[in-house]
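Close look at the chain arrangement
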Amino acid sequence: MAVSTPAHVDLSAALMLAPASAVEWLVVLPVAWCLAVGALLVMLRRWAGLQPAIALASLAVLVLIDVALLDHVARNGPMTMVMGRWLPPFGIAFTVDLTGALFALVAALVAFAAGIFSLADINDSGRRYGFYPLLMLLMAGVSGAFLTGDIFNLYVWFEVLLISSFGLLVLGSERGQIDGTVKYGFLNLVATTLFLVATGFLYAVFGTLNMADIARKADELRVNAPLMTLVGLYVLAFGMKAAAFPLNFWLPASYHTPRVVVSALFAGLLTKVGIYALIRVTVMLFPIEREELSFVLALVGALTMMVGVLGALAQTDFRRLLGYLVVSGIGSMLAGLAIGGPGGIGGAIFYALHSMLVMTGLYFASGIAMRLGADSSIATLAGLYRKHAGFAALTLMLCFAISGLPPFSGFWPKVMLVKAAIDIGAWWLAAALLLVGFFTMIATGRLFLLAYWRDSAIPEAAAGPAPLSATALGPLAALTLLALALGLYPEPLLAMIQSAAAGLAEPSTYLNSVFPAGGPQ
């Protein structure tokens, strides 16, 4: 028996018939640009001398694209672009709001600074083995994670940045790098597997992977669906990627092994992608479940802070010490997520952006210190102030910033988090935040006194000032000055962060961007 087929099927309700405007291409342009440049650099791998210039110019363009994207979103609200013209929830959507745009811009600034620093840190061998294509691929993954509006797409971009990070970790093929890569890879692969399992579970419950669609359906399904189990899986997966307690040991065991510029990139970007994903999923998609898990998140955040800062106090290796400070910072962000509200979520976002800049700068400082002192141990390093007073001053300012002291960028998120904790009666969490700030000041003060201020026992080591190249000192100075500027004049960024936190808590404008009037409901 023949089955009749309609001569014409009207798909207008499921398709975007109007062509995308030029400004809408801004949503996907950061990802497309990084992938295109990365492919070009792979094709030009035989011309290693051209790669730094191409990569630096491309990263500068990426910064400009992200500036334009942030400006448009700040003026006009969230923006969505769909793939293949299929409207959500049928097609994959890239949706950018203030939170995603802020993270993407700061990530691009960090990558641009790292690209300049790499001129002094990556030799011809590293260029031939693909540092610059891997850097562009890493930025494609990071940008995609910050800009996507689809959970499975988020998983895909996690995979992209994970693959590129493996390549960057083993660049040089030294024994320590291989050891660090195994530790880094094992925990991250477990976390990625949990992420995929949770995403399959989510699709079985919701029948969609679009974030806006999930947010608007969650209230209807909450009564019967096991959403706490689902959110618990996501918290575990993203917590592992962010190096939260008790699964934080892989970070200080691996971040000191690659080239300094790679460590700086990882410290500035990778754990913050995990924090961003946690904020996006728990605050925007499952706020009630986040509230129910708030005490667990607060406890994990406090333990992560304490383990990180106590580990930093126990270290003598410069880069290992910084690895533990990265972990401690993750604890502060988790504390903000646990507190919730505009103060808690805004404080977590501000702290993440501040940490991206400052921790990258501190890793740059560790590389310069090792170059000046020919060692990475603060028990051996000494007299760095006499070798280069300007470099010592920049490091001291970054130490103040990461300790949360005024007038630097770390002061304001710390104030926001402590005030938010006191406002909800979580005195113990506020005390933990203040205590960790005090211990961080001791750890960084010990670092500066031993490695910089103490006189060297070797006369020739304290012979006089040592020259530093502009490609090494310039990115460090730029990030330090940016941390100072954000501390002295935080109002513009603070206003955007408060709007971003409000948009996550009440995502109506985000939902309207994905499902405009007349779209599929």
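That block above? That's the structure.
Quick look at the structure, then. (Residues numbered from 1 in each chain as written. Predicted model: local features only at pLDDT ≥ 70, side-chain atom pairs only at ≥ 80, totals over all residues. Heavy atoms only, no water.)

What follows deals with the pattern of salt bridges. Under the defined criterion, the tally for this structure stands at 10 salt bridges. Taking the shortest distance from any N to any O, the salt bridge between Arg-259 and Asp-121 comes out at 3.9 Å. Linking Arg-259 in the loop between helix H10 (250-254) and helix H11 (260-285) with Asp-121 in helix H3 (residues 98-121), this pair joins segments that are 138 residues apart in sequence. Given a relative accessible area of 8%, Asp-121 falls into the buried group. One salt bridge in this structure joins Lys-217 and Asp-213, with 3.3 Å as the shortest N-O distance. In this pair, Lys-217 and Asp-213 are both assigned in helix H8 (residues 211-221), 4 residues apart and thus about one turn of the helix distant. One network of salt bridges, with partners in common, ties together Asp-121, Arg-259 and Arg-371. (Salt bridge = Lys/Arg side-chain N within 4 Å of Asp/Glu carboxyl O. Helix = DSSP H or I, 4+ residues; strand = E, 2+ residues; numbered from the N terminus. Buried < 20%, exposed > 50% of the residue type's maximum accessible area, 1.4 Å probe, protein only.)

Moving on, we get to the nonpolar core. Core analysis: the biggest nonpolar cluster contains 190 residues, and Leu-269, Phe-286, Phe-391 and Tyr-452 have the highest contact counts within it. Residues in contact with Phe-391, not counting those within four places in the same chain, are Ala-365, Ile-368, Ala-369, Leu-372, Tyr-452, Leu-468, Leu-473 and Leu-476. (Core = buried A, V, L, I, M, F, W, Y, C linked by side-chain atoms within 4.5 Å. Contact = heavy atoms within 4.5 Å.)

What follows concerns the packing of H11 against helix H15 (residues 341-373). The N-to-C vectors of H11 and H15 enclose an angle of 170 degrees; their axes lie 7 Å apart at closest approach. Classified by the interaxial angle, the pair formed by H11 and H15 is roughly antiparallel. In the contact of H11 with H15, the residues fall into 15 nonpolar, 6 polar and 1 charged. (Axes fitted to C-alpha atoms, helices over the stretch in contact; angles between N-to-C directions. Parallel < 35°, antiparallel > 145°, perpendicular 65-115°, else oblique. Nonpolar A, V, L, I, M, F, W, Y, C, P; charged D, E, K, R; others polar.)

The next subject is the packing of helix H5 (residues 131-147) against H11. Packing of H5 against H11 leaves a shortest axis separation of 10 Å and a crossing angle of 20 degrees. The pairing of H5 with H11 is recorded here as roughly parallel in orientation. Where H5 crosses over H11, the two elements pack in a sense that is left-handed. Residue-level inspection shows Phe-131, Leu-135, Leu-138, Met-139, Val-142, Ala-145 and Phe-146 of H5 in contact with H11, the latter providing Val-261, Val-262, Leu-265, Leu-269, Leu-270, Lys-272, Val-273 and Tyr-276. (Left-handed = near helix turned anticlockwise from the far one by under 90°.)

Structurally, Ser-332 can be placed in helix H14 (residues 318-339). Discounting chain neighbours no more than four positions away, the residues touching Ser-332 are Met-305, Tyr-351, Lys-414, Leu-417 and Leu-433.

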